[in-house]
Amino acid sequence: MRRTLLLLAMAAAQFAAFETALRLWGHSEASPAFQTLFTPDPVLGYRLRPNSRTRFVTAEFDTEIAINAQGVRDDADIGPKPANERRIVIIGDSLVLSVQVNQQQTFCTLLERSLNRGPLELARARGGVYYRVINAGVQGYGPVEELLFFRQVARAFQPDLVIHAIFVGNDAEEAVTSEPRLHRTDPGAAGPPVQEVWQSAPNDLRRLARRSMVLQVARLRLLGVTDRLPSFGARPEPPLQSYAAHPAPRIDAGLRISRDCVQALAADAAATGARTMVMLMPARFQVDDADYGRLKDVVKGAGGELVRDAATARFDEALRPLALPQFDALPSLRAALPGPDVFFQQTVHLTPRGHEIVARALEAFLRGQGL
Amino acid sequence: MVFNSLHFVWFFLVVYALYRLLPVLCAVERAHRGQNWLLLIGSYYFYAAWDYRFLALLAASTLVDYSCGLVLGRLTDQRRRRWVMGLSIGFNLAMLGFFKYFNFFADNLHALFAAIGWQMDFVTLRVLLPIGISFYTFVTMSYVIDVYRREIEPTRNLVDFAVFVAYFPHLVAGPILRATALLPQIQRPRGISHAQMREGLWLIAWGFFQKIFVADNLAPIASRVFAPDAHLTGINVLLGTYAFAFQIYGDFAGYSNIARGTSKLMGIELVENFRFPYLVLTPQAFWRHWHISLSTWLRDYLYKPLGGSRGSAWQTRRNLLITMLLGGLWHGAAWTFVLWGLYHGLLLILYRPFESAFAALDRKGRFGAWLVMFHLTCFGWLIFRAPSFARLRDMTQGLFAEFRPSTVDVTGILIPLLLYTTPLLAVHAMEARADDVLIVPRLRLGVRYAVYVATLYLILLFGNFGGSDFIYFQF
């Protein structure tokens, strides 16, 4: 009994110590500092918190992130559009938001500088037509949230061109998960806001767990392990279904929902006088041979077959009937190899070099489209 | 199947449950035989989980050396006995040479002929390296040599011998066991004491800590620094080399500790393989604390038969150099490993004249000697890990000509390096002070629990659960 009490006391004391340390120095996406970037939203689930700012440090990068008053990543606010300003709004997920690099290194800002042949301030000062590229990416969004975000936030930016960035790796799956949001865009019909749901949660223990960084990390670890446990009875589904030779039916459904969202976004944009184009973003293993080899074995081990570019081909096929200009970032990223990494090793996001390559290729594409 | 996989967890739980159940269900001798059969079947399954085709090699090595052992036990004529031992060694070295070094020698021969203008288009085979072959061939060779030297009696029981060779905790990455240490434990019924359980569980937890927390978290830093196209200043090369030093130590010592721990849970003691090797002061002490089972094997079966230190100073130097060169080559078929062996051989030779001076060092002198030895060891790891000679030259050049401390990568290299090595070094300090690698399970209850809980928290919160392979599998 004495030993058990001592062990429990030790575990509790160290829990408190680790919790404190993680809160003070734990620069991960689960850390309170990073989470302050987000705020609950009754329609979107969450969005970037206007006027927030944080520093994000990991072993691979150290970045400053500033969210402006409109709730997108930018140091400056977005006011009414001057007559000589052309606005390009890039809608997407974490691959667009890019918290892994400083704002000046994102492909959005690099594209802006290339189009203006210099920084925005200089272009403004020069007079004449200049471009402003707005990074409207939000971590964790899929096509459904991106459409809703455009309607709720980005439409007000008066874009001339909307680039809808699709991450082919998981957008089909995320579209299926988020589809119910499309049917409750009216806040009155959306059920209780997230904050209320949070506060009305009956399980105090669960609430405590969600507020503890130690327990959150432990929970993620456990999920990681249980995901790999063989389930008895039904055979576990191989991972990366969007790339599977024979994908689950939900992938087709996800592609249909994604197409509908892109179509709806293009229609909404057209109603405000803006053009729309689609940008397909690849997963790291589509570029990195070693990563591909590893994942191929993982999928094979789970009884599936990984087709390296299947997701890109599927989105290309699903979105082509919309007749929107379509830019695929994959060929330019692949052409950049061998050379320094274009993706970070511990995340699946672009390095500064990856951003440069995408910005250059996108600029060439836009000019080719007669921007 | 690697220790840090769910497959192994399931495998071990099943084998261990049956292992503990047998003595409950059967009489002592029957349970003992049943346990040995269970270990044999389990070990072959463990090996087959990588590639079942290589089971034939394992079985062949077992049968040949079992038979040679029996014949050596019967023969009295020394010449014939030498022939049988030669046959066994020849078979093992041929197997090792073909599977591990064929491509290396073929490629080098091809390059050599090309250099003198002969284009030799001979066939090269792309031979796959059977996992653990360097370990189990050394295990079986040591058995035959020990029987030849009449240091042990040959075993007549094939199952016992097959368990000795294939025993899964040590099969693919050591420790390289001697028949004198392991066979008697396999041949007699085993009990499992409370202390063995406690120590075994600690060794497993500590081994996972060394692998998942230390090695796998430092691996990305080392990979970045040693990447073929990396251009880093000297300070970052130095820190990256430290990272690799602790990565390879955490990886290999972690494997050895998990192996020892799982084996202790089954009542079988395996030899200690690492003893805080980065705290030593001399090259000789390093090899007494690093991969102890390999260095003692090389000492007993190569260095001493060559003459050891019995001859003249030059003969001793020659013997040291040959032993270390072959020790380097044992690690892999690449010239960087040979150079690493040569480097350590030279360190041992250069150290010998100053042996007595080291014994008389005061506190400051000992600290200086430790600092120098640690950096000499790290330079050895630079040779070991460098992807090519050209890269080794560039990194060495950067280290000395472009040191520039102001360019240190604080967030990418320095802080993670400190974070992932400090807890390891804290436990090492305790172990070194007590001169006991198993001091933690023997600490006062409160301190012991504090270390246990901290180890588990660190693994859970900061461990890298990517499930990467152990580095020494490739050797």
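Because the structure is predicted, anything quoted here is derived from the model rather than measured.

> Any chance you could break down the domain arrangement of chain B for me, citing the residues and the numbers?
Residues and elements named next belong to chain B. Domains assigned within chain B are domain 1 (6-105 + 129-191) and domain 2 (195-281 + 361-474). Averaged C-alpha coordinates put domain 1 and domain 2 at centres separated by 30 Å. The partner domain 2 presents 16 residues to the 15 residues of domain 1 that form the contact. Contributions of two or more residues to the side of domain 1 that touches domain 2 are made by α1 (6-25), α7 (168-171) and α8 (179-187). Classifying every residue of the side of domain 1 that touches domain 2 by side-chain character gives 10 nonpolar, 4 polar and 1 charged.

> An account of the interface of chain B and chain A is needed here, citing residue identities and associated values.
Contact with chain B, which involves 16 residues of that partner, is made by 21 residues of chain A. Those elements giving two or more residues to the side of chain B that touches chain A turn out to be α18 (410-434) and α19 (445-462) of chain B. Among the elements that take part in the side of chain B that touches chain A, α19(B) stands out by supplying 9 residues, more than any other. For the side of chain B that touches chain A, the class distribution of residues is 12 nonpolar, 3 polar and 1 charged.

> Talk me through helix α3 (residues 55-74) of chain B; I want residue IDs and the actual numbers.
A rise of 1.5 Å per residue sets the reference length of α3(B), with its 20 residues, at 28 Å; its end C-alpha atoms lie 29 Å apart and thus fit the reference within 8%. Against the buried residues of α3(B) lie α2 (28-48), α4 (78-115), α5 (133-148) and α6 (158-166) of chain B.

> Go over the sheet that holds strand β6 (residues 130-137) of chain A with me, naming the residues and quoting the values.
Residue and element names in this part refer to chain A. Within the open sheet, the 5 strands sit side by side as β6-β5-β7-β8-β9. Their pairing is parallel. Lying at the two open borders of the sheet, with one neighbouring strand each, are β6 and β9 (326-328). Adjacent strand axes in the sheet meet at a mean angle of 20 degrees when their direction is disregarded. In the sheet, strand β7 (residues 161-167) pairs with strand β8 (residues 275-281) via 7 bridges, with the strands oriented parallel. Across the sheet, L161 pairs through a bridge with R275, a residue of β8. The strands touched by helix α6 (residues 143-152) are β5 (85-92), β6 and β7; relative to β5, the strand with the most contacts, the crossing angle is about 150 degrees.

> Can you lay out the packing of helix α7 (residues 171-182) of chain A against helix α11 (residues 249-271) of chain A for me, pointing to particular residues and giving the numbers?
Residue and element names in this part refer to chain A. In the contact formed by α7 and α11, the axes pass within 7 Å of each other and the chain directions differ by 80 degrees. Comparing the axis directions of α7 and α11 gives the class roughly perpendicular. Listed contacts from α11 to D171, A172, E173, A175, V176 and E179 of α7 are R250, I251, A253, G254, L255, I257, S258 and C261. Looking at the contact of α7 with α11, its residues break down into 8 nonpolar, 2 polar and 4 charged.

> Before we move on, could you go through the pairing of strand β2 (residues 45-48) of chain A and cite the residues and values that matter?
Residue and element names in this part refer to chain A. Here strand β1 (residues 38-41) runs beside β2; their pairing, made up of 4 bridges, is antiparallel. Residue pairing for β2: P40 is matched across the bridge by Y46. In this antiparallel pair of consecutive strands, β1 and β2, the connection spans 3 residues.

> Account for the packing of helix α9 (residues 194-226) of chain B against helix α10 (residues 234-265) of chain B, naming residues and giving values.
All names here are of chain B. Where α9 meets α10, the closest approach of the two axes is 6 Å, and the angle between their N-to-C directions is 155 degrees. Accordingly, the angle class assigned to the pair α9 and α10 is roughly antiparallel. α10 is crossed by α9, and the crossing has left-handed handedness. Taken together, the residues of the contact of α9 with α10 sort by class into 22 nonpolar, 12 polar and 5 charged.

What counts as what
- Residues numbered from 1 in each chain as written.
- Chains lettered and ligands numbered in written order.
- Predicted model: local features only at pLDDT ≥ 70, side-chain atom pairs only at ≥ 80, totals over all residues.
- Domains from an automatic or database assignment.
- Contact = placed C-beta atoms within 7 Å.
- Helix = DSSP H or I, 4+ residues; strand = E, 2+ residues; numbered from the N terminus.
- Nonpolar A, V, L, I, M, F, W, Y, C, P; charged D, E, K, R; others polar.
- Expected span 1.5 Å × (residues − 1).
- Pairing = 2+ DSSP bridges.
- Axes fitted to C-alpha atoms, helices over the stretch in contact; angles between N-to-C directions.
- Parallel < 35°, antiparallel > 145°, perpendicular 65-115°, else oblique.
- Left-handed = near helix turned anticlockwise from the far one by under 90°.

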